Amino acid sequence: MRFITKTSTSHSMHLHGHQFRIVSVDGFGRPGFWDDTIDIASGRRIDVELIANNPGIWPLNGTKTFHQSNNGEPPGGMITKVIYL
(Lines give C-alpha, C1' and ligand atoms only; values in the text may rest on other atoms or scores of the structure.)
Protein backbone atom coordinates (compact mmCIF):
# COMPACT_ATOMS: atom_id res chain seq x y z
CA MET A 1 0.00 0.00 0.00
CA ARG A 2 1.11 3.54 -0.62
CA PHE A 3 0.24 6.41 1.70
CA ILE A 4 0.64 9.99 0.45
CA THR A 5 0.00 13.15 2.46
CA LYS A 6 -0.84 16.10 0.23
CA THR A 7 -1.86 18.47 3.03
CA SER A 8 0.07 20.85 5.25
CA THR A 9 -0.28 18.57 8.30
CA SER A 10 0.81 15.04 9.16
CA HIS A 11 -1.58 12.11 9.24
CA SER A 12 -1.34 9.07 11.46
CA MET A 13 -2.86 5.92 9.92
CA HIS A 14 -3.71 2.66 11.71
CA LEU A 15 -4.60 -0.76 10.24
CA HIS A 16 -6.67 -3.01 12.50
CA GLY A 17 -5.93 -6.75 12.69
CA HIS A 18 -2.53 -6.57 10.97
CA GLN A 19 0.94 -5.17 11.12
CA PHE A 20 2.81 -3.80 8.14
CA ARG A 21 6.41 -3.13 7.23
CA ILE A 22 7.67 0.16 5.84
CA VAL A 23 9.61 -0.62 2.65
CA SER A 24 10.26 2.87 1.30
CA VAL A 25 9.90 6.55 2.14
CA ASP A 26 9.70 9.00 -0.76
CA GLY A 27 10.94 6.26 -3.10
CA PHE A 28 14.04 5.41 -1.06
CA GLY A 29 14.28 1.94 0.47
CA ARG A 30 14.18 1.68 4.24
CA PRO A 31 15.07 -1.21 6.50
CA GLY A 32 11.68 -2.57 7.44
CA PHE A 33 10.22 -2.67 10.89
CA TRP A 34 6.75 -3.94 11.74
CA ASP A 35 4.03 -1.69 13.15
CA ASP A 36 0.28 -1.13 12.89
CA THR A 37 0.36 2.69 12.87
CA ILE A 38 2.47 5.15 10.88
CA ASP A 39 2.76 8.92 10.90
CA ILE A 40 2.96 10.42 7.42
CA ALA A 41 4.48 13.90 7.38
CA SER A 42 3.28 16.63 5.03
CA GLY A 43 4.32 15.90 1.45
CA ARG A 44 5.65 12.45 2.32
CA ARG A 45 5.05 9.16 0.48
CA ILE A 46 5.37 5.89 2.42
CA ASP A 47 5.08 2.40 0.92
CA VAL A 48 4.20 -0.51 3.20
CA GLU A 49 3.78 -4.27 2.82
CA LEU A 50 1.63 -6.51 4.94
CA ILE A 51 1.10 -10.24 5.29
CA ALA A 52 -2.54 -11.03 4.51
CA ASN A 53 -2.92 -13.77 7.10
CA ASN A 54 -6.06 -12.58 8.92
CA PRO A 55 -8.97 -12.67 6.42
CA GLY A 56 -11.93 -10.41 6.91
CA ILE A 57 -12.96 -6.77 6.79
CA TRP A 58 -10.47 -4.52 8.57
CA PRO A 59 -10.67 -0.75 9.16
CA LEU A 60 -7.79 1.44 8.01
CA ASN A 61 -8.26 4.82 9.66
CA GLY A 62 -6.68 8.04 10.79
CA THR A 63 -5.95 8.09 14.52
CA LYS A 64 -5.98 11.81 15.27
CA THR A 65 -9.25 12.96 16.82
CA PHE A 66 -9.96 15.62 14.20
CA HIS A 67 -9.46 12.99 11.45
CA GLN A 68 -12.23 10.79 12.86
CA SER A 69 -15.19 13.03 12.11
CA ASN A 70 -16.88 15.03 9.38
CA ASN A 71 -16.81 18.66 10.52
CA GLY A 72 -16.79 17.52 14.14
CA GLU A 73 -19.59 14.96 13.74
CA PRO A 74 -18.60 11.27 14.16
CA PRO A 75 -18.41 8.86 12.51
CA GLY A 76 -16.44 9.82 9.46
CA GLY A 77 -13.13 11.25 8.50
CA MET A 78 -10.16 9.36 7.15
CA ILE A 79 -11.34 5.75 7.01
CA THR A 80 -11.50 2.90 4.53
CA LYS A 81 -11.55 -0.89 4.65
CA VAL A 82 -9.06 -3.60 3.75
CA ILE A 83 -11.13 -6.60 2.60
CA TYR A 84 -9.95 -10.09 1.62
CA LEU A 85 -11.09 -13.66 2.11
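Bear in mind that the values here come from a model prediction, so they are computed numbers and not experimental data. (Residues numbered from 1 in each chain as written. Predicted model: local features only at pLDDT ≥ 70, side-chain atom pairs only at ≥ 80, totals over all residues. Heavy atoms only, no water.)

Participant: How should I be thinking about the packing of aromatic side chains in this particular structure?
Facilitator: Aromatic ring pairs are defined here through the distance separating the ring centres and the angle between the ring planes. Under the counting rule described, the total for this entry stands at one aromatic pair. Ring geometry for phenylalanine 3 against phenylalanine 20: centres 6.5 Å apart, planes inclined by 45°, an arrangement best described as tilted. Linking phenylalanine 3 in strand S1 (residues 2-4) with phenylalanine 20 in strand S3 (residues 20-25), this pair joins segments that are 17 residues apart in sequence. (Phe/Tyr/Trp six-rings, centres within 6.5 Å; stacked < 30°, edge-to-face > 60°. Helix = DSSP H or I, 4+ residues; strand = E, 2+ residues; numbered from the N terminus.)

Participant: So what exactly am I meant to see when it comes to the side chain of threonine 5 here?
Facilitator: Locating threonine 5 in the fold gives a position in the loop between S1 and strand S2 (11-15). On the basis of relative accessible area, threonine 5 is assigned to the buried category, the value being 2%. A polar side-chain atom of threonine 5 sits 3.3 Å from the main-chain carbonyl oxygen of isoleucine 40. The residues contacting threonine 5, other than those within four sequence positions of it, are His11, Ile40, Ala41, Ser42, Gly43 and Arg44. (Buried < 20%, exposed > 50% of the residue type's maximum accessible area, 1.4 Å probe, protein only. Polar contact = N/O pair within 3.5 Å; in protein donor to acceptor, adjacent residues only side chain to side chain. Contact = heavy atoms within 4.5 Å.)

Participant: Teacher, can you tell me more about the sheet that holds S2 here?
Facilitator: Within a sheet, adjacent strands bond to each other through the backbone by hydrogen bonds, running parallel or antiparallel. Spatial strand order, S6-S2-S8-S9: four strands in an open sheet with antiparallel pairing. The outermost strands of the open sheet, each flanked by one partner alone, are strand S6 (37-40) and strand S9 (79-84). This sheet shows a mean twist of 20° between the axes of neighbouring strands, independent of strand direction. Where strand S8 (residues 56-62) and S9 come together, six bridges link them in antiparallel fashion. Bridge pairing in S9 places glycine 56 opposite tyrosine 84. (Pairing = 2+ DSSP bridges. Axes fitted to C-alpha atoms, helices over the stretch in contact; angles between N-to-C directions.)

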